[in-house]
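Below, each chain spelled out in residue letters.
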Amino acid sequence: MRTKLTMYEAIKGIDDDDHQWREKKDIESALQISRSSFPPDKERLVSLDVFRGLTVALMILVDDVGGIVPAINHSPWDGLTLADFVMPFFLFIVGVSLAFAYKNLSCRFAATRKALMRSLKLLLLGLFLQGGFIHGLNNLTYGIDVDKIRFMGILQRIAIAYLVAALCEIWLKGSHNVSSELSMIKKYRFHWVVAFVITTIYLSLLYGLYVPDWEYQISSEDQGSSTFLNLKVKCGVRGHTGPGCNAVGMIDRMFLGIQHLYRKPVYARTMFKFSKQWAITSRRSFLVSSAF
């Protein structure tokens with residue numbers, strides 16, 4: 001009897017071990033299935049996050065301190081200051097993020113739809129923040145003046161650049177893996193073609209278009225009353241890159257309208273401030289001489 005019990009206990013121990021082993025394998029299989037059913041955690045590029053934070057800090061610094069320290073504020077035209085790095089840094093971040101966002105695409109049409117929606121949201125946000133919805137911070141007047149709304153602000157330009165880069169990344173990128181410098185160039189060869197075409201068109205228009213003379217109007221406060229002065233910019237040049245006679249500004253005035261551009265352009269703030277002062281002085285002299 002003792003021998004039979006011993007044999008039974010040994011067989012039972014083997015069966016228990018086998019049952020525990022099977023349960024363990026079933027649990028592992030279930031965990032493996034549950035893990036595969038969920039998408040893997042997206043790995044973040046820590047260096048890009050750090051660079052994004054530093055760029056935001058730089059933007060806050062130049063916005064708050066730029067008025068006190070002109071050396072770090074935006075350069076009026078020619079030159080490069082600390083504030084001029086902010087927007088290129090943001091565009092660089094957008095480009096690197098697109099490469100990771102569209103690394104593995106399941107559906108190009110769905111990705112295109114998302115890119116269009118994001119660009120539209122960014123464009124509308126730019127129109128709201130920089131289009132002239134807030135008329136004055138002191139008197140808290142709000143509302144959009146359709147005749148003077150600013151179409152192209154910072155966010156609007158980033159939205160257009162994002163859309164172009166996203167479409168290139170979705171539709172023009174090669175499908176093979178990158179194993180060398182040559183294969184990387186081959187994979188992104190159509191990106192280089194698009195960049196070359198855009199650069200060629202831009203340089204051709206900038207140095208090839210003829211910019212004629214044009215006029216703009218400024219308002220000035222003269223003894224409590226607003227006066228409007230018409231100033232004429234003498235251009236008649238081709239390939240000029242100054243603030244008042246470049247082809248980019250002419251195209252903006254032609255298609256967008258001067259009333260829909262930036263309110264304080266550099267040509268009105270620097271180049272013609274003496275002309276403005278001379279016009280106001282001449283007007284005062286004319287009024288004085290007319291009185292006598």
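Residues numbered from 1 in each chain as written. Predicted model: local features only at pLDDT ≥ 70, side-chain atom pairs only at ≥ 80, totals over all residues. Heavy atoms only, no water.

### Concerning the packing of helix α2 (residues 46–65) against helix α3 (residues 86–101)
Line of reasoning, step 1. Close contact between α2 and α3 brings their axes to 10 Å; oriented N to C, the two are set at 160°. Judged on the interaxial angle alone, α3 and α2 are roughly antiparallel. Taken as a pair, α2 and α3 cross one another with a handedness that is left-handed. Where α2 approaches α3, its residues Leu48, Phe51, Arg52, Thr55, Val56, Leu58, Met59 and Val62 are matched on the opposing element by Val86, Phe89, Phe90, Phe92, Ile93, Val96 and Ser97.
Line of reasoning, step 2. Split into classes, the residues belonging to the contact of α2 with α3 amount to 12 nonpolar, 2 polar and 1 charged. (Axes fitted to C-alpha atoms, helices over the stretch in contact; angles between N-to-C directions. Helix = DSSP H or I, 4+ residues; strand = E, 2+ residues; numbered from the N terminus. Parallel < 35°, antiparallel > 145°, perpendicular 65-115°, else oblique. Left-handed = near helix turned anticlockwise from the far one by under 90°. Contact = heavy atoms within 4.5 Å. Nonpolar A, V, L, I, M, F, W, Y, C, P; charged D, E, K, R; others polar.)

### Let's talk about a nonpolar patch on the surface
Line of reasoning, step 1. On the surface, Phe190, Val193, Phe196, Val197, Ile201 and Leu205 cluster together to form a nonpolar patch covering roughly 560 Å² of accessible area.
Line of reasoning, step 2. Locating Phe196 in the fold gives a position in helix α7 (residues 189–208). (Patch = residues over 30% accessible without salt bridge, like charges linked within 9 Å, V, L, I, M, F, W, Y side chains within 5 Å. Areas by Shrake-Rupley, 256 points an atom, 1.4 Å probe, with all protein chains shown as cover. Salt bridge = Lys/Arg side-chain N within 4 Å of Asp/Glu carboxyl O.)

### A look at the packing of aromatic side chains
Line of reasoning, step 1. Under the criterion given, the structure shown has 5 aromatic pairs.
Line of reasoning, step 2. Judged by centre distance (5.9 Å) and plane angle (85°), the ring pair of Phe51 and Phe92 falls under edge-to-face. With a gap of 41 residues between them, Phe51 in helix α2 and Phe92 in helix α3 connect regions that are remote in the sequence.
Line of reasoning, step 3. Pairwise contacts between aromatic rings join Phe51, Phe85, Phe89 and Phe92 into one cluster.
Line of reasoning, step 4. If you follow Arg253 out to its NZ or CZ, it ends over the ring of Trp214, 3.7 Å from the centre. (Phe/Tyr/Trp six-rings, centres within 6.5 Å; stacked < 30°, edge-to-face > 60°. Lys NZ or Arg CZ within 6 Å of the ring centre and 35° of its normal.)

### Points about the packing of α3 against helix α5 (residues 154–171)
Line of reasoning, step 1. Running from amino to carboxyl end, α3 crosses α5 at an angle of 30°, the nearest separation of the two axes being 10 Å. Comparing their axes, α5 and α3 come out roughly parallel. Note that α3 runs across α5; the crossing there is right-handed. Of α5, the residues touching α3 (which contributes Met87, Leu91, Val94, Leu98 and Ala99) are Ile154, Arg157, Ile158, Ala161, Tyr162, Ala165, Ala166 and Glu169.
Line of reasoning, step 2. In terms of residue class, the contact of α3 with α5 is made up of 11 nonpolar, no polar and 2 charged.

### Some remarks on the pattern of salt bridges
Line of reasoning, step 1. Taken as a whole and judged by the stated rule, the model has 3 salt bridges.
Line of reasoning, step 2. When the shortest N-O distance is used, the salt bridge between Arg52 and Asp49 registers 2.8 Å. Taken together, the positions of Arg52 and Asp49, both in helix α2 and 3 residues apart, correspond to about one turn of that helix.
Line of reasoning, step 3. For Arg52, a relative accessible area of 27% puts it in the partly exposed group.
Line of reasoning, step 4. What emerges from the salt-bridge pattern is a single network uniting Arg44, Asp49 and Arg52. (Buried < 20%, exposed > 50% of the residue type's maximum accessible area, 1.4 Å probe, protein only.)

### Re the side chain of Arg150
Line of reasoning, step 1. Mapping Arg150 onto the fold places it in the loop between β2 (141–142) and α5.
Line of reasoning, step 2. Asp252 provides the closest opposite charge to the buried, salt-bridge-free Arg150, at an N-O distance of 9.2 Å.
Line of reasoning, step 3. Within the local environment of Arg150, its side chain forms a polar contact with the backbone oxygen of Met152, the two atoms lying 3.2 Å apart. (Lys, Arg positive; Asp, Glu negative; His and termini not counted. Polar contact = N/O pair within 3.5 Å; in protein donor to acceptor, adjacent residues only side chain to side chain.)

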